[in-house]
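Understanding the architecture of this molecule
Given next are the chains, with one letter for each unit.
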Amino acid sequence: MAVSANRLELLQIADAVAREKVIDRQIVLAAMEDAIQKAARSRYGSETEVRAEINPKTGEIALSRLLQVVERVENDATEITLEEARRKNPAAMIGDFIAEALPPFDFGRIAAQSAKQVIVQKVRDAERDRQYDEFKDRVGEIVNGLVKRVEYGNVIVDLGRAEAIIRRDELIPRETFRPGDRVRAYLYDVRRETRGPQIFLSRTHPQFMAKLFGQEVPEIYDGIVEVRAVARDPGSRAKIAVISRDSSIDPVGACVGMRGSRVQAVVGELQGEKIDIIPWSQDEATFIVNALQPAEVVKVVLDEDAERIEVVVPDEQLSLAIGRRGQNVRLASQLTGWDIDILTEAEESERRQKEFVERTNLFMEALDVDEVVGQLLASEGFRTIEEIAYVDLGEIASIEGFDEETAQEIQMRANEHLEKIEAENEAKRIELGVADEVREVVGITSGMLVALGENDVKSIEDLAGCATDDLVGYTEGRGAEAKRHAGFLDGFELSRGDAEAMIMDARVRAGWIEAPAEEEAPEEEAPEGEYAEDADYADGEAYEAEAEAEALEGDDVEGGADAGEVPAGEAGEDDAQAHRG
């Protein structure tokens, strides 16, 4: 049978569209079949179940309608009796469908327009699915393309087989593109959208810089040097932290290159953005000191619970450490993930002196001692009455000018003061109506009971219904916009872990949850023979190490530094921890 010109033309059109849109030919033919079915329903009735099939070899179109086999026909357009069905197919049963051939027909103008819309929509959906499948696994790569057009500041990029968009806020400030310009960007997202571009590029993303260094520095590409963190102020300045897996290779020098050739190639791509390359360190204090370069740091004070750090710099280095409009400290904060407060040596000295005076006055009032004794206790690093009450008597007696009798008297007065405070808190707890069972919660003190009662947490159910943020507070925002929301137990030096443990214990006591099963530690068999001698030797070494640690613990950093203070030159070393850390 000869194939007509119209049928050949139909197949040629399907082939051309499939090649142009880079989609499967069968998808185009399926779209044509759907279009013909829609046009046929407008001719034979919308309730008619029309099926159209296009022969992929000859282009011949076969139209048919499906009729359901029923006992009694109620709609001739969709149903057929069992008797008539068996004339067409002897094996037909009730509920089966019989295909009945339909004669060909001429498309009218409206039907043809409707069919065209169906084909266009189906082809467009297939093209978008192909683009999504092709680029979804390329997220995190740098792609190259040509600027196709610029719409309202957004740059539409032709990637060859797809279009992508660089939104206006993902462009480097003061950067302009014209149609036909080549552009290189970071592919950070591919998602299904009902309309518009679905491939999103960025030139301001921090990983764009990391990937550029990967292209310019062979050591990064080979995995010898690793980029650990990137912080950018696009178009102005950036900081990048690198580390080498090979001790013989300098990670900073590898990124800079001969006479700065490698880093200059990245700077040129980023429109002159200045880049600080710093060595990454596992020790947080050392890493933060490096991140604040070029400013010199005298001392850092870490607060791991609040994820904040105080950095002390020389007076003349303050503006350099902060940077223009706070740029240097802001980038250092983004790079390290810590909130950083900058203090000068004068401010830090003034604050330390103020804390020293406050502690001295506390000891004078609570222990009923003169100013000299209060200053001696404060200079030794004691911060609270509890520390004096529960510390080993020998530590107080070892203070210059104190003897054992004086130490006993001071410790006795500290215990009397704590008992007095305990009695006052107990009376206030009863007055506030805080239940006795709340006292049984692990880790709770009488002062905490009073604070909870003042915040209307009076029963075990009230405590069980609290969140961790309710107890310890939380910080909203970062940097200059950070806002601190106080918790019920602010001022009690309660960590988030301790607060979570208290809430979980309250929920167990309230019967909300079951107590977690305690895992029994396996008993270790005593070593025998020469292994026993080795074990004794190891225990002896452990004892000596513990004794040395206790001796070091008594040393004071810079005359009674607070817990967590580390001199910049010894940042991260255990023996630089302050007294009673």
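Our subject is the structure listed above.
The present account deals with the structure reproduced in this document. Given the structure is predicted, the values throughout are model-derived calculations rather than measurements. (Residues numbered from 1 in each chain as written. Predicted model: local features only at pLDDT ≥ 70, side-chain atom pairs only at ≥ 80, totals over all residues. Heavy atoms only, no water.)

1. Some points on the pairing of strand β1 (residues 50-54)
Every second residue of β1 is oriented toward a common face, the buried set being V50, A52 and I54 and the non-buried set R51 and E53. Pairing of β1 with strand β2 (residues 61-70) involves five bridges; the strand directions are antiparallel. Bridged to E53 within β2 is A62. Hairpin connection from β1 to β2: six residues lie between these consecutive antiparallel strands, with G59 at a positive phi of about 80°. (Buried < 20%, exposed > 50% of the residue type's maximum accessible area, 1.4 Å probe, protein only. Helix = DSSP H or I, 4+ residues; strand = E, 2+ residues; numbered from the N terminus. Pairing = 2+ DSSP bridges.)

2. Focus on the nonpolar core
With 25 residues, the main nonpolar core has I288, L292, I309, V311, L335, I340 and I342 as its most contacted residues. Contributions of two or more residues to this core are made by β10 (225-233), α9 (284-291), β13 (299-303), β14 (308-313), α11 (327-336) and β15 (339-344). Broken down by element, the residue count for this core peaks at five residues, all from α9. If near-sequence neighbours (up to four positions away) are discounted, I340 is found in contact with I288, I309, V311, V329, A332 and S333. By size, the runner-up hydrophobic cluster in this structure holds 23 residues, among which are I172, Y186, F213 and V267. (Core = buried A, V, L, I, M, F, W, Y, C linked by side-chain atoms within 4.5 Å. Contact = heavy atoms within 4.5 Å.)

3. Let's talk about the sheet that holds strand β11 (residues 237-244)
Strand order in this open sheet of three strands is β10-β11-β12, and the pairing throughout is mixed. Unpaired on one side and paired on the other, β10 and β12 (274-279) mark the two borders of the sheet. In this sheet, neighbouring strand axes are inclined to one another by 20° on average, regardless of whether the strands run parallel or antiparallel. Here eight bridges tie β10 to β11, and the two strands are oriented antiparallel to one another. From the neighbouring strand, A231 faces β11, where its bridge partner is K239. Here α9 sits on the sheet and contacts β11 and β12; the angle it forms with β12, its principal contact strand, is near 155°. (Axes fitted to C-alpha atoms, helices over the stretch in contact; angles between N-to-C directions.)

4. Overview of the packing of α9 against α11
Contact geometry of α9 with α11 gives a least axis separation of 9 Å together with a crossing angle of 145°. The element α9 and its partner α11 pack so that their crossing is right-handed. When α9 is examined against α11, the residues F287, I288 and A291 are found in contact with a partner set consisting of N328, A332, L335 and T336. Here the residues of the contact of α9 with α11 sort into five nonpolar, two polar and no charged. (Left-handed = near helix turned anticlockwise from the far one by under 90°. Nonpolar A, V, L, I, M, F, W, Y, C, P; charged D, E, K, R; others polar.)

5. Observations regarding the sheet that holds strand β9 (residues 199-202)
If you trace the five strands once around the closed barrel, you get β5-β6-β7-β9-β8, paired in mixed fashion. On average, adjacent strands in this sheet sit at an angle of 50° to one another, irrespective of strand direction. Relative to β9, strand β8 (residues 182-190) is paired through four bridges, and the arrangement is antiparallel. Note on β9: the bridge partner recorded for Y186 is S202. Sheet strands in contact with helix α5 (residues 206-216) are β5 (142-151), β8 and β9, and its direction is about 125° off that of β8.

6. With respect to the side chain of R232
Secondary-structure assignment places R232 in strand β10. Residue classification places R232 among the buried residues on the basis of a relative accessible area of 7%. At a separation of 3.1 Å, a polar atom in the side chain of R232 contacts the main-chain carbonyl oxygen of R203. Within the structure, R232 has its side chain in polar contact with the backbone oxygen of H205 (distance 3.0 Å). (Polar contact = N/O pair within 3.5 Å; in protein donor to acceptor, adjacent residues only side chain to side chain.)

7. Focus on a negative patch on the surface
Taken together, the side chains of E296, D315, E316, E345, E347 and E350 present a region of like negative charge at the surface. Structurally, the position occupied by E350 is in helix α12 (residues 345-367). E350 gets classed as exposed once you look at its relative accessible area, which sits at 58%. (Patch = residues over 30% accessible without salt bridge, like charges linked within 9 Å, V, L, I, M, F, W, Y side chains within 5 Å. Areas by Shrake-Rupley, 256 points an atom, 1.4 Å probe, with all protein chains shown as cover. Salt bridge = Lys/Arg side-chain N within 4 Å of Asp/Glu carboxyl O. Lys, Arg positive; Asp, Glu negative; His and termini not counted. Charge placed at Lys NZ, Arg CZ, Asp CG, Glu CD.)

8. Digging into the environment of R308
Among the structural elements, R308 can be located in strand β14. Take R308: its relative accessible area is 29%, and that puts it in the partly exposed class. As a C-alpha pair, R308 and S333 span 25 residues in sequence and 9.7 Å in three-dimensional space. Setting aside anything within four residues of it in sequence, one finds R308 in contact with V301, L302, D303, W338, D339 and D341.

9. Digging into the pairing of strand β6 (residues 154-158)
Sheet topology places β5 next to β6; five bridges connect them, and they run antiparallel. Of the residues in β6, the one forming a bridge with L146 is D158. Connecting the antiparallel pair β5 and β6 is a turn made up of two residues, with Y152 showing a positive phi of about 55°. As judged from the four bridges shared by β6 and strand β7 (residues 163-166), these two strands associate in the antiparallel manner. Along β7, the bridge assignment pairs V155 with I166. Hairpin connection from β6 to β7: four residues lie between these consecutive antiparallel strands, with G160 at a positive phi of about 100°.

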